[in-house]
2 protein chains.
Amino acid sequence: MVNPLDPEEFRRQGHMLIDFIADYYQDIESYKVLSQVEPGYLKKLLPESAPYYPESIETILQDVQKYIIPGITHWQSPNYFAYFPSSGSTADFLGEILSTGFNVVGFNWMSSPAATELECIVMDWLGEMLMLPKSFLFKGNGGGVLQGTTCEAILCTLAAARDQMLNRCGSEKMEKLVVYGSDQTHSALQKAAQIAGIHTKNFRAIKTSKLRNAVQADVEAGLVPLFLCATVGTTSTNAIDPIEPLCEVAKDFNMWVHVDAAYAGSACICPEFRHFIDGIEGANSFTLNAHKWFLTTLDCCCLWVKDPSALIKSLSTNPEFLRNKATDSKLVVDYKDWQITLSRRFRAMKLWLVLRSYGVANLRNFLRSHVKMAKLFEELVRNDNKFEVMAPRNFALVCFRVLPWPNDNSVANQVEYANELNKELLESINGSGNVYMSSTVVDGAYIIRCVIGATLTEERHVIRAWKVIQEHADALLSKN
Amino acid sequence: MVNPLDPEEFRRQGHMLIDFIADYYQDIESYKVLSQVEPGYLKKLLPESAPYYPESIETILQDVQKYIIPGITHWQSPNYFAYFPSSGSTADFLGEILSTGFNVVGFNWMSSPAATELECIVMDWLGEMLMLPKSFLFKGNGGGVLQGTTCEAILCTLAAARDQMLNRCGSEKMEKLVVYGSDQTHSALQKAAQIAGIHTKNFRAIKTSKLRNAVQADVEAGLVPLFLCATVGTTSTNAIDPIEPLCEVAKDFNMWVHVDAAYAGSACICPEFRHFIDGIEGANSFTLNAHKWFLTTLDCCCLWVKDPSALIKSLSTNPEFLRNKATDSKLVVDYKDWQITLSRRFRAMKLWLVLRSYGVANLRNFLRSHVKMAKLFEELVRNDNKFEVMAPRNFALVCFRVLPWPNDNSVANQVEYANELNKELLESINGSGNVYMSSTVVDGAYIIRCVIGATLTEERHVIRAWKVIQEHADALLSKN
Ligand SMILES: Cc1ncc(COP(=O)(O)O)c(C=O)c1O
Ligand SMILES: Cc1ncc(COP(=O)(O)O)c(C=O)c1O
C-alpha cells in the first residue's frame, strides 16, 4: 500500500481537485440552483457496501459529477437567494486548505500555539472593526472565540449564565430558571435551552415591548429570570430588537444578555450600519456568523464575551493527559474551556486570510454591493403593483409577496388564498431551477424571502431573478 | 473590487496552495515536531489591526511560513506520537476540498439532498464494516450521523436519554439523575453532564466492577440512574471496559449505555480486533472518531444510535422558515434534529472518499501496520531493562516509563522520584523537537505515552524515536 499521504501523489491529486472546483464555479450557472432529486435517489445509484479494493480518484470524481452534483443545492450559485447566504471566497478556501493541510488539533494553547494565538488576534481585529466595546476584547479582559455555529455559541453562554446563577441562588433553583426571546428569535435559543435542561415551560417567546412585565410576573411567580437573547437581523424578516432598552430590563433583573447578529452582524463593520448594534456595551455576549455574510464557508461563528471566566467555570475540565506547563502558568488561553468540544479545528486561519486578502475596505464594499442590489430588487418589487414588500429592508433581505386579485369577500379566505398563491409561486420559481428563494410565515402571512448574498451574484442576476418571478407570477395569475 | 470567487483567480491561487501543502509534507521532518515558541510570541509579530487594503496571497504565504509554521505542532509529522493521532490522507483532503468548494449547508434533507443521503449511506457502509448489529443501521431502523466530535455526540445522547427519562418519571426528577463512567472515562462525559445540567454531585467515576453496587446504592438513596458511558480504548492507557456485563447492569436499571471507542473503534474494522466491541448489541449508542485513526482530518465523529427518535425528540425544532414538503412527507432524514447545531458541513464527502480511495482491504492494512510498529516499539522498551511497560498494549499505544535506580528507601519518595524523572525525560525528548510524545498519570504513576498513528510514520521513525528516548534517558540517568 502506497503511503496515503505521499507528497507527490498528494500534489497530483490536489491539482486535479483545484481544477475540478474551479470548473465547477465556471459552470455553476448551468446547474439548477435547487436540486430537483426525489427522496432516496442516491441509494439507488450507489453500491450497498464500501468497496473492498481501492478506486481511483478519476472514477470517484466522475461519480461526484454524475451522482452528487445533481443532488446538491448550489449555495455558491449567483442565482441562490434563499435562507441566508453561506458564501465562500478564494481566501476562505485557501485558509481551509491550510487548516486541513496542517490539521492541528488545537484544544489548548500547548497543542499548537499558533492556532490559539492567531484566533485571539483575529478576534480582537474583527472586534475592533465592529467597534465592539473594549470590554469584549482580549485587550480589555474580555475575549473572542471561533465556534462552529451560533447554536453552539448560545448553548455555551446559556450554560455559563445558568451555572453562575445556580452558584448564586442554589442548584435547587434549576427548575425555576427562565429564558427569554421574542417570537422571532432563532430556534437556536430554544434548542440551547432544551439541551441545557431549562424546563420547557420556562422558555418564553414574547414581544420585546412586553418583556419587563413578563419578567416581573415570572419573578412574582417565584421563577428566576436567567437569560435574554436579543436579535439584530431576525431570520424571517431581519427585524432589529432594541438592544439598549432590553439590556436595561435585563440589568434590573440580573439576567445575562446575548445578542445574536448571526447574519446582520457582518454589515456592522460599515460605519453606516454600526448603529444597529448600538447599546451592545450592555450585553454579556455577542455573536455573528462569518459563515453567513463574511466571505467565509461553514463553520465559523464568532463569539465575544465580556467575562470569559464565566464560560471557563462552566465548560472546563482538567484531565491528567492534558496537563502542561503553559496551562499551569495561566499565561495562555485554552480554548477547549470556551466551547463544548475538546478537539477544534484551526478556524482562525480562514478568517485571517479573508481579513488580509480583502482588507477592511473591500470587505465593506462587498457588503455594500449586496445591500445596493437588494435595494434595486426592492425597487423592482415596489414598482410592480401586483407585488407587495412585506417588511422594512434593513440589509440585503427583501420580503415580498404577490397580491391576489380579491376573489372572495371573506377576509379569512383572502389570507388563506394569498398564502396558497405565494406558496405556489415559490414552488414554481424554485422548480424552474433558475433561482432559489425561501419562505417564512409572519403573523399568519406567507412571505417569500430574497436575500442577495452569494459571492458570485451580480446586478444582472438580480434583474434576471426578478424577471423569472414576474413571469411565473403572470402565468399563475392568469391561470387562477 | 474583483469578485472574490472569480474562477480563474481561484484556480491560480488554489494551485499555489496545493504546492505549498505538498512541499510542507515533503519537508515536514525538517521542523521540530513540538512547537518551541513562548506564550505571546505571535502578538509581537503581527500588526495590531486588520489591514485596510488587500494583501497578496504571496505575502500571506510568506507569513504563514515565517510566523505560523514555527508556532504549530506538526500533528502530521512521522515523528508525532502524542495524545492520539489525527491523521489526514490525500483522500480526506480531497473530500474537504469538495465539501468546502460546494459549501452546502445541509441542515435538512431539502437544503442539499446529496449531503444527507450520502451520510446515511456511508454510515451504513462503515457500520457494516464494524459489524455493528443491524439495529444501529438505517437498514435496521437505527442510524448513524456524523458529528463534529465525541464531546458533541455524547452530549446529544445524554440529552436524549435525559428527556426520555424525565418524560417517564417527571421533570422534577432532573436533580436526581445520575451519570456513570469510570475514573478513566474521557472528560467528554463530565463536560456533557455539566452542559446538560446534571447535578455535579450526581456524576460518578467508579470502577466498572463496582458499578452494580453503586447504582443500587443510588437507587436506594432516591436517585435515578440515567446514563452509563463505557470506553473501548481509554485515553490514558487504552483499557477496555467490558461492554457486556456493563450493559447487563444498565439494563436492570433502565439506563442508556453509550460506548465511546473514539480512538480504538477504527481498529474494529479488522476481524482480529472486532471482539473488543463484543456486546455492543446491548448498548444504545456507539461512537468512534474517524478524525483520530481513520485517515480523516478533524472533525468527524461517527455516532450510531438504535433509536433515532429519542435523539429527535430531544433535539428537534421546527421553525417556519425551514418548513418544506420533504420534511412534512416524513420520507427523509433531517440531520439538524440529530445534533446540537443547525448548520452542518458536508462531512460525509471526506469519509466517502476515504472509504473508496483506500477500500476496506487497505484501511485494514493501514491500521495493522500501526499496530505492528507499536509491537516493535513495545519490544524495544521491554528489551531494555532501564525501562518498563506500564499497561497492556491493545492497539498502537505503548505506555512506558524509565526506571530510576532506587536511591531512597522510602517508597513514597521513590514514586515521587520516578515521576519526576519521567517528567524530565519527556520534557527533554520533546524539547529536542525530534519526537513528540505525551503523558498521563494513572494510579499515581506518571507514564509516557507513545502512539503510532501518524500517516507518514514508518518503521524507521519508530526505531529512531526509541534511540532518541534512550539517549535522553542515558543523559538524564548519568546526571542524576
Ligand atoms: C438570527 C440567527 N441566529 C442563529 C442562526 C443559526 O445559526 P447556526 O446555524 O450557525 O447555528 C441563524 C441561521 O440562520 C440566524 O439567522
Ligand atoms: C476515549 C475518548 N473519548 C473522547 C475523546 C474526545 O474526542 P473529541 O475531541 O472528538 O470530543 C477522546 C479524545 O482523545 C478519547 O480518547
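Definitions and cut-offs
- Residues numbered from 1 in each chain as written.
- Chains lettered and ligands numbered in written order.
- Predicted model: local features only at pLDDT ≥ 70, side-chain atom pairs only at ≥ 80, totals over all residues.
- Heavy atoms only, no water.
- Near = heavy atom within 4 Å.
- Polar contact = N/O pair within 3.5 Å; in protein donor to acceptor, adjacent residues only side chain to side chain.
- Areas by Shrake-Rupley, 256 points an atom, 1.4 Å probe, with all protein chains shown as cover.
- Helix = DSSP H or I, 4+ residues; strand = E, 2+ residues; numbered from the N terminus.
- Nonpolar A, V, L, I, M, F, W, Y, C, P; charged D, E, K, R; others polar.
- Pairing = 2+ DSSP bridges.
- Axes fitted to C-alpha atoms, helices over the stretch in contact; angles between N-to-C directions.
- Contact = heavy atoms within 4.5 Å.
- Buried area = accessible area lost by both parts, 1.4 Å probe.
- Salt bridge = Lys/Arg side-chain N within 4 Å of Asp/Glu carboxyl O.
- Buried < 20%, exposed > 50% of the residue type's maximum accessible area, 1.4 Å probe, protein only.
- Arc of directions from axis to C-beta.
- Least-squares fit on C-alpha atoms with pLDDT ≥ 70 in both.
- Expected span 1.5 Å × (residues − 1).
- Bend = angle between axes of the 7 residues up to and from the residue.
- Domains from an automatic or database assignment.

### Let's talk about the site of ligand 1
Part 1 of the argument: Near ligand 1 lie 15 residues; those nearest to it are Cys151, Asp260, Asn289 and Lys292 of chain A together with Ser343 of chain B.
Part 2 of the argument: The site occupied by ligand 1 is bordered by residues of chains A and B.
Part 3 of the argument: In the environment of ligand 1, an oxygen atom lies 2.9 Å from a nitrogen or oxygen atom belonging to the backbone of Thr150 of chain A.
Part 4 of the argument: Protein burial of ligand 1: of its 400 Å² of free accessible surface, 96% is covered by the chains.
Part 5 of the argument: Where the shell around ligand 1 is concerned, the elements lending two or more residues are helix 5 (150–169) and helix 9 (290–293) of chain A.
Part 6 of the argument: Of the residues belonging to the shell around ligand 1, the class tally is four nonpolar, nine polar and two charged.

### Observations concerning the site of ligand 2
Part 1 of the argument: As a structural note, the neighbourhood of ligand 2 is formed by 15 residues, with Ser343 of chain A together with Cys151, Asp260, Asn289 and Lys292 of chain B the closest of them.
Part 2 of the argument: Around ligand 2 the close residues trace back to chains A and B.
Part 3 of the argument: A distance of 2.5 Å separates an oxygen atom of ligand 2 from a polar atom in the side chain of Ser343 of chain A.
Part 4 of the argument: Separating an oxygen atom of ligand 2 from a side-chain N or O atom of Lys292 of chain B is a distance of 3.2 Å.
Part 5 of the argument: Here ligand 2, which alone exposes 390 Å², has 96% of that area covered by the protein.
Part 6 of the argument: For the shell around ligand 2, the secondary-structure elements that each account for two or more residues are helix 5 (150–169) and helix 9 (290–293) of chain B.
Part 7 of the argument: Among the residues forming the shell around ligand 2, the class breakdown is four nonpolar, nine polar and two charged.

### Points about the sheet that holds strand 4 (residues 224–231) of chain B
Residue and element names in this part refer to chain B.
Part 1 of the argument: Taken together, seven strands build an open sheet; the order of strands is 1-7-6-5-4-2-3 and the sheet is mixed. The outermost strands of the open sheet, each flanked by one partner alone, are strand 1 (143–147) and strand 3 (203–205). Sheet twist, expressed as the mean angle between neighbouring strand axes with direction ignored, is 20°.
Part 2 of the argument: In the sheet, strand 2 (residues 177–181) pairs with strand 4 via four bridges, with the strands oriented parallel. Within strand 4, the position partnered with Val179 by the bridge is Phe227.
Part 3 of the argument: Against the sheet, helix 7 (residues 211–220) makes contact with strand 2, strand 3 and strand 4, and its axis sits at roughly 170° relative to strand 2, the strand it touches most.

### Focus on unusual backbone geometry
Part 1 of the argument: Here the amide bond leading from Leu298 of chain A into Asp299 of chain A is cis, since omega sits at -10°, within 30 degrees of zero.
Part 2 of the argument: Structurally, the position occupied by Asp299 of chain A is in the loop between helix 9 and strand 7 (301–305).

### A short note on the interface of chain B and chain A
Part 1 of the argument: Counting residues at the interface gives 152 residues for chain B and 153 residues for chain A.
Part 2 of the argument: Between chain B and chain A the total buried area reaches about 13800 Å² when both faces are included, carbon and sulfur atoms providing 66% of it.
Part 3 of the argument: Three residues, Phe10, Phe321 and Arg356 of chain B, lead the burial of chain B against chain A; their summed loss comes to 6% of the area buried on that side.
Part 4 of the argument: Between Asp19 of chain A and Arg11 of chain B there is a salt bridge; the shortest N-O distance is 2.9 Å.

### Thoughts on the side chain of Thr100 of chain B
Part 1 of the argument: Mapped onto the elements, Thr100 of chain B comes out in helix 3 (residues 90–102).
Part 2 of the argument: A residue is classified by how much of its surface remains accessible, and Thr100 of chain B, at 5% relative accessible area, is buried.
Part 3 of the argument: The residues contacting Thr100 of chain B, other than those within four sequence positions of it, are Tyr25, Asp92, Phe93, Glu96 and Thr297 of chain A together with Arg345 of chain B.

### What about helix 10 (residues 308–315) of chain B?
Part 1 of the argument: When helix 10 of chain B is considered as a whole, its buried residues turn out to be Pro308, Ala310, Leu311, Ser314 and Leu315 of chain B. Buried positions in helix 10 of chain B, seen along its axis, are confined to an arc of 160° and lie on one side of it.
Part 2 of the argument: Considering only its buried residues, helix 10 of chain B is in contact with helix 6 (187–195) of chain A together with strand 1, helix 5, strand 5 (256–260) and strand 7 (301–305) of chain B.

### What about the relation of the copies chain B and chain A?
Part 1 of the argument: Screw-axis analysis of chain B against chain A gives a translation of 0.0 Å along the axis, an RMSD of 0.0 Å, and a rotation angle of 180°. Within this description, the copies of the chain are treated as partners about a two-fold rotation axis. When each C-alpha of chain B is compared by its distance to the rotation axis, Ala196 of chain B comes out closest, at 2.3 Å.
Part 2 of the argument: With an isologous cut-off of 70% or more, the 100% of interface residues of chain B that recur at the interface of chain A puts this contact in the isologous class.

### Some thoughts on helix 12 (residues 348–382) of chain A
Residue and element names in this part refer to chain A.
Part 1 of the argument: Taking 1.5 Å of rise per residue, the 35 residues of helix 12 would be expected to cover 51 Å, yet its terminal C-alpha atoms sit only 42 Å apart, more than 12% below that figure.
Part 2 of the argument: Of all the bends in helix 12, the greatest measures close to 90° and is centred on Gly359.
Part 3 of the argument: For helix 12, a buried count of 26 out of 35 residues is recorded, marking the element as mostly surrounded by other parts of the structure.

### Overview of the environment of His258 of chain B
Residue and element names in this part refer to chain B.
Part 1 of the argument: Along the chain, His258 falls in strand 5.
Part 2 of the argument: Residues His258 and Asp19 lie 239 residues apart in sequence; the distance between their C-alpha atoms is 43 Å.
Part 3 of the argument: Residues in contact with His258, not counting those within four places in the same chain, are Ile154, Thr157, Phe227, Leu228, Cys229, Ala230, Ser285, Phe286, Thr287 and Leu303.
Part 4 of the argument: At a separation of 2.8 Å, a polar atom in the side chain of His258 contacts the side chain of Ser285.

### Side note on the domain arrangement of chain A
Residue and element names in this part refer to chain A.
Part 1 of the argument: Taken domain by domain, chain A comprises domain 1 (7–88), domain 2 (105–345) and domain 3 (356–479).
Part 2 of the argument: Distance between the C-alpha centres of domain 1 and domain 3: 28 Å.
Part 3 of the argument: Here domain 1 and domain 3 share an interface that buries about 1800 Å² over both sides, 57% of which is from carbon and sulfur atoms.
Part 4 of the argument: Inspection of the region where domain 1 meets domain 3 yields zero salt bridges.
Part 5 of the argument: For the pair domain 1 and domain 3, the number of links is 16 residue pairs in polar contact (both at pLDDT 80 or more).

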